[in-house]
There are 2 protein chains.
Amino acid sequence: MGKPAQKVVNAEKALMALRNHSEAERRRRERINGHLATLRSLIPGTNKMDKAALLAEVINQVKELRRTVAEATDGTLVPTDMDEVKVEEQEDLNDGAFISIRASLCCDFKHELLVDLREAIEALPLKTVRAEIATLGSRMVNIFVISGCNEGESDEGEEGIKLVKSVRDALRSVLDKFYASEEFSSRNTLSGKRRRVSFFSPTNSSSLGDIW
Amino acid sequence: MGKPAQKVVNAEKALMALRNHSEAERRRRERINGHLATLRSLIPGTNKMDKAALLAEVINQVKELRRTVAEATDGTLVPTDMDEVKVEEQEDLNDGAFISIRASLCCDFKHELLVDLREAIEALPLKTVRAEIATLGSRMVNIFVISGCNEGESDEGEEGIKLVKSVRDALRSVLDKFYASEEFSSRNTLSGKRRRVSFFSPTNSSSLGDIW
DNA sequence: GCGAACACGTGAGGC
DNA sequence: TGCCTCACGTGTTCG
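Not measured: the values here are computed from a predicted model. (Residues numbered from 1 in each chain as written. Chains lettered and ligands numbered in written order. Predicted model: local features only at pLDDT ≥ 70, side-chain atom pairs only at ≥ 80, totals over all residues. Heavy atoms only, no water.)

**Details of the pattern of salt bridges**
On inspection of all chains with the given rule, the structure shows 10 salt bridges over all chains. A salt bridge links Asp169(A) to Lys165(A); its shortest N-O distance comes to 3.5 Å. Taken as a pair, Asp169(A) and Lys165(A) lie in helix 4 (residues 158–181) at a separation of 4 residues, close to a single helical turn. For Lys177(B), the salt bridge is made with Asp116(B), and the minimal N-O distance between the two is 3.1 Å. On the criterion of sequence distance, the pair formed by Lys177(B) in helix 4 (residues 158–181) and Asp116(B) in helix 3 (residues 111–123) is long-range, its members being 61 residues apart. Among the residues examined, Lys177(B) registers a relative accessible area of 51% and is labelled exposed. (Salt bridge = Lys/Arg side-chain N within 4 Å of Asp/Glu carboxyl O. Helix = DSSP H or I, 4+ residues; strand = E, 2+ residues; numbered from the N terminus. Buried < 20%, exposed > 50% of the residue type's maximum accessible area, 1.4 Å probe, protein only.)

Shown next as C-alpha cells:
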C-alpha cells in the first residue's frame, strides 16, 4: 500500500465512484418513471393508480386495442403474430407462357429486414408485378406478386415448382438471417393465440412507395 | 423505559417489522416486474430490452395501435378523448305529434356510470327508440334516440326545448356525479389532441344488449 | 476498471 | 398503529 497521501486520494476516488453510481441510478429511475408518466398521460383514468395497477391497465389497453383493430380491420390485410412464409404459384389466366407467383412474408417490422427483402426479391430473375406491405404494431406482412416468362426448358409445371422453391428459399433466408442476428428469441415456441385473418382481400394498407 | 426483557421483546418486534417490510417490498417488485414481463411477452422484439426501452416501446405500441384504430374505424362510432354531452332535437318526419331527441354521452367507460345512465334515461318521461354504445380503450360513447308524444301544452317548439334541456341535465348530472366521486382528475384541462370522428354514421359497434 | 442495468433493503410519508 | 407505495443508495453482475 502507498503513503498516507495516496490513501486519501484513493478514498476520494472511491467516494466519487459511489457518487457517480448513485447519480446514474437516479437518472435510470428518472427515465423509467418518465415513461410511466407518459403512459399515465396516455391512458385516461390512471392518474391515481400505483405503478403496478398502471402497468396492468396498460396491458389491458394493449390487448383491448389489438382486439379492436382485429375487429375493425377484419377483411383487410393484417399481419399476424406468427412468422410465416407462404409462396404459391398463381392460377394463371393466360396459359403457359408466363408464370405468376404470390409470395407473402409475415414477420417483425424491421428496416434492415425490409432492405434485405428488397434485395432478395430484386436478385430473383423475375419481375415484381405487385408489392404490398401492411404493418400493425411491430409486425408486418409483405405480399409480392412476381412473374417471369416460362422459358420452356421442361414441360408441365416443372419450371414453376423450381421458381416457387427459389422464391421461398429467398424469403426464408431473409428471415433466417434476421433471426440469426437477433439470437432467435423463442418467438415460435410460445405466442399462443393466433388471430383470424383473411389474406386475400381488398386492402386499404399503405402503398409500398410510402415505406420503400 | 421498561425492563431489559421488555427491550428484547421490542427489539424482536422491530426486527419482525423490518422483515415484513422488506418482504412486502419484494412482493411489490414482483408484481411490477411481472407486469413488465407480460408486456414483454405481449410485444414482440422486446425480449432483450432494458426496462426503460421496453416502456418506450410500449408507449409506441399504444400510440401506433390508436392510430391504426382511428384509421380503421373511420366512419364508425368511436369515443373521443374528450368528455362530451350532446343533446339535440331531431328533425321529425311526421310533423308535430311526436318529438324525437338524439342524445350522446362520451366519457370514461365505467360500469357504475352505465347503471346511473340507464336509470337517468328510464326516469325520463320518454321512450327510448334506439340506444347504441361503443367503447374504445377505457372510453365509451353512448347514443340514445328517445321520443315522446308532444302533449301540446304550448305551441311551437317550446315543449321540445324543455325536453332537450331535461335530457341534457340528466346526462350532465350523471357525468357530474361520476366526476365528483372521482375527485375530478384534471381531465378536461389537458388532453391536447382530439380525434376526428363522425358521430352520425352507420356503425358496427356492439349492441346495447351485450353490455346492459 | 468503467458504465449500465438490476434487485435489494431501508427511511419517509400517506391513509 | 400497521400497511402500503415510493425514492434512494448500495451491492452485484455483465460486457
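So that's the structure; there's more coming.
**Quick look at the protein's contact with DNA strand D**
Every residue lining DNA strand D is accounted for by Leu18(A), His21(A), Ser22(A), Glu25(A), Arg29(A), Asn33(A), Asp50(A), Lys51(A), His21(B), Glu25(B), Arg28(B) and Arg31(B). Near the protein, within 4 Å, the atoms of DNA strand D are sugar or phosphate in 55% of cases. In the model, a base nitrogen of DNA strand D is placed 3.2 Å from a nitrogen or oxygen of the Arg29(A) side chain. Here a phosphate oxygen of DNA strand D and a backbone polar atom of Lys51(A) are 2.8 Å apart. (Near = heavy atom within 4 Å. Polar contact = N/O pair within 3.5 Å; in protein donor to acceptor, adjacent residues only side chain to side chain.)

**Focus: the interface of chain A and chain B**
If you look at the interface, chain A gives 38 residues, while chain B gives 38 residues. Counting the contacts that link chain A with chain B gives 0 salt bridges. Taken together, chain A and chain B are joined by 5 residue pairs in polar contact (both at pLDDT 80 or more). Elements with a contribution of two residues or more to the side of chain A that touches chain B: helix 1 (4–42) and helix 2 (51–72) of chain A. With 15 residues, helix 2 of chain A is the largest single contributor of residues to the side of chain A that touches chain B. Its residues assigned to classes, the side of chain A that touches chain B comprises 16 nonpolar, 11 polar and 11 charged. (Contact = heavy atoms within 4.5 Å. Nonpolar A, V, L, I, M, F, W, Y, C, P; charged D, E, K, R; others polar.)

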